[in-house]
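Coordinates in review
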Amino acid sequence: EASFTVQAQNGDPTISPPGGTFVGAVSVVLTCESPGARLYYSLDGGAVSPDGGTPSVASGEALVLDAAGTFLLRVVAMSDSMAPSDTVSAEFTVRARAEAPHFSPELSTFPLSAVLLLSASTDGAT
């Protein structure tokens, strides 16, 4: 007679916020309700596996995305006692924060009319 064991599956991870566009850094919290699960993730949309050197965090820990770019976050919950969860993903776009504008001449009291130039050192800032 054949026998088999049914292994419970880890609950799906939660990504908060669930993706979007952000200026400057964004803190992304990964959680899972399964006790003892670690959350393995990739930021480039690649496969997630603990054997491949994929980074991981404990439930409730945050990742900080502070470099400008677009990130496809993929997360899988894994533990020794349960089967891996389904993969959950979210896309994050992080834009660099623009520098404050520079006024020329310095802001001051002017006669009835004056030419005021605004400039910014951030490429592409308008």
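Below is a summary of the structure that appears in this document. (Residues numbered from 1 in each chain as written. Predicted model: local features only at pLDDT ≥ 70, side-chain atom pairs only at ≥ 80, totals over all residues. Heavy atoms only, no water.)

Here we take up the overall build of the protein. If you tally the helices and strands in the protein, you get zero helices and ten strands. The order of α-helices and β-strands along the protein, N terminus first, is β-β-β-β-β-β-β-β-β-β. The buried share of the protein, taken over its 126 residues, is 25%. Counting contacts in the protein only where the partners sit at least 6 residues apart, residues at least 24 apart contribute 59% of the total. Total accessible area on the protein stands at roughly 8400 Å², and carbon and sulfur atoms take up 52% of it. (Helix = DSSP H or I, 4+ residues; strand = E, 2+ residues; numbered from the N terminus. Buried < 20%, exposed > 50% of the residue type's maximum accessible area, 1.4 Å probe, protein only. Contact = heavy atoms within 4.5 Å. Areas by Shrake-Rupley, 256 points an atom, 1.4 Å probe, with all protein chains shown as cover.)

This next bit is on the sheet that holds strand β6 (residues 62–65). Read across the open sheet, the three strands follow the order β1-β3-β6; overall the sheet is antiparallel. Taken across any chain shown, the strands that pair with only one partner, and hence form the sheet edges, are β1 (14–16) and β6. For this sheet, the mean inter-axis angle between neighbouring strands, taken without regard to orientation, is 25 degrees. Pairing geometry for β1 and strand β3 (residues 26–31), over three bridges, is antiparallel. For Ile15, the partnering residue across the bridge sits in β3 and is Leu30. (Pairing = 2+ DSSP bridges. Axes fitted to C-alpha atoms, helices over the stretch in contact; angles between N-to-C directions.)

Put simply, Ser16 and Pro17 share a cis peptide bond, and its omega is 0 degrees. With respect to the helices and strands, the residue Pro17 is situated in the loop between β1 and β2 (20–23).

Moving on to the sheet that holds strand β4 (residues 38–42). What the five strands build is an open sheet, ordered β2-β8-β7-β4-β5; its pairing is mixed. Taken across any chain shown, the strands that pair with only one partner, and hence form the sheet edges, are β2 and β5 (56–58). Geometrically, the sheet is characterised by an average inter-axis angle of 30 degrees between neighbouring strands, direction not taken into account. As defined by bridge partners, β4 adjoins β5 across three bridges and the pair is classed as antiparallel. Looking at the pairing, Tyr40 lines up with Ser56 of β5.

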